[in-house]
Amino acid sequence: MKKLTILLAATATAQPALAASGPFFSLNNSDFVVLIAFIVFIGVLLFFKVPSMMGKMLDGRADGIKSDLDEAKKLREDAQTMLASYERKQKEVQGQADRIVETAKAEAAAAAEQAKADIKTSIERRLAAAEDQIASAEASAVKEIRDQAVTVAVGAANDIIAKQMTAKDGNALIEDAIAEVSTRLN
């Protein structure tokens, strides 16, 4: 009701536009007719409680906006939480990657050292094998030279004996050899 009295007071104090001629409170005056129609319109709006419905609609709209803002705030907080979680996970993954790289570098260094040691051992074995082959070849060459020297010496001795020995000396040597064999066998 308070609103209605304020509205009527505002309407009554308004100056007419002086467009109509004649007395103001006459149905022939268009300003008066418009004023009556406006008052009836306001009365119909108040009768059907349109201002309270509009208030309820505006309150509902305000509540909807407030709930949307609350939901947006909650979504923002959730997004910040997820962002912080992803940043933490990223740091953890980066730390793991750094540890993996460090481990791989250490393993590579250890593998390189092991490879060096294996190569050194292999070289030592090959050197030892080569030295053994050289010693074996040397022994074989010495044996071959001795065998050749024996063969040459036997041949030379055979030639010398053949030139210096007579048939009588040969028969005496054969008999001495047979006697020596028979004494050794008995």
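Residues numbered from 1 in each chain as written. Predicted model: local features only at pLDDT ≥ 70, side-chain atom pairs only at ≥ 80, totals over all residues. Heavy atoms only, no water.

Participant: Could you give me a rundown of the overall build of the protein chain, with the residues and numbers involved?
Facilitator: The helix and strand inventory of the protein chain stands at 4 helices and 0 strands. Listed N to C, the secondary structure of the protein chain is α-α-α-α in terms of helices and strands. A total of 186 residues make up the protein chain; the buried ones form 4% of that total. Within the structure as shown, the protein chain displays about 16400 Å² of accessible surface, and the carbon and sulfur contribution to it stands at 64%. (Helix = DSSP H or I, 4+ residues; strand = E, 2+ residues; numbered from the N terminus. Buried < 20%, exposed > 50% of the residue type's maximum accessible area, 1.4 Å probe, protein only. Areas by Shrake-Rupley, 256 points an atom, 1.4 Å probe, with all protein chains shown as cover.)

Participant: I'd love a proper account of the packing of aromatic side chains, names of residues and values included.
Facilitator: Inspection of the entire model under this criterion finds 1 aromatic pair. Geometrically, the ring pair formed by F47 and F48 is edge-to-face, given 5.1 Å between the ring centres and 80 degrees between the ring planes. Among the residues examined, F48 registers a relative accessible area of 54% and is labelled exposed. (Phe/Tyr/Trp six-rings, centres within 6.5 Å; stacked < 30°, edge-to-face > 60°.)

Participant: Describe the pattern of salt bridges, naming the residues involved and giving the relevant values.
Facilitator: Under the counting rule described, the total for this entry stands at 3 salt bridges. The partner of K116 in a salt bridge is E113, and the shortest N-O contact between them spans 3.9 Å. Of the two residues, K116 and E113 are both situated in helix α3 (residues 50-164); the distance of 3 residues between them amounts to about one turn of the helix. (Salt bridge = Lys/Arg side-chain N within 4 Å of Asp/Glu carboxyl O.)

Participant: Go over a nonpolar patch on the surface with me, naming the residues and quoting the values.
Facilitator: On the surface, a nonpolar cluster with roughly 700 Å² of combined accessible area is contributed by L27, V33, I36, V40, V44, F47 and F48. Here V33 is to be found in helix α2 (residues 30-47). On the basis of relative accessible area, V33 is assigned to the partly exposed category, the value being 36%. (Patch = residues over 30% accessible without salt bridge, like charges linked within 9 Å, V, L, I, M, F, W, Y side chains within 5 Å.)

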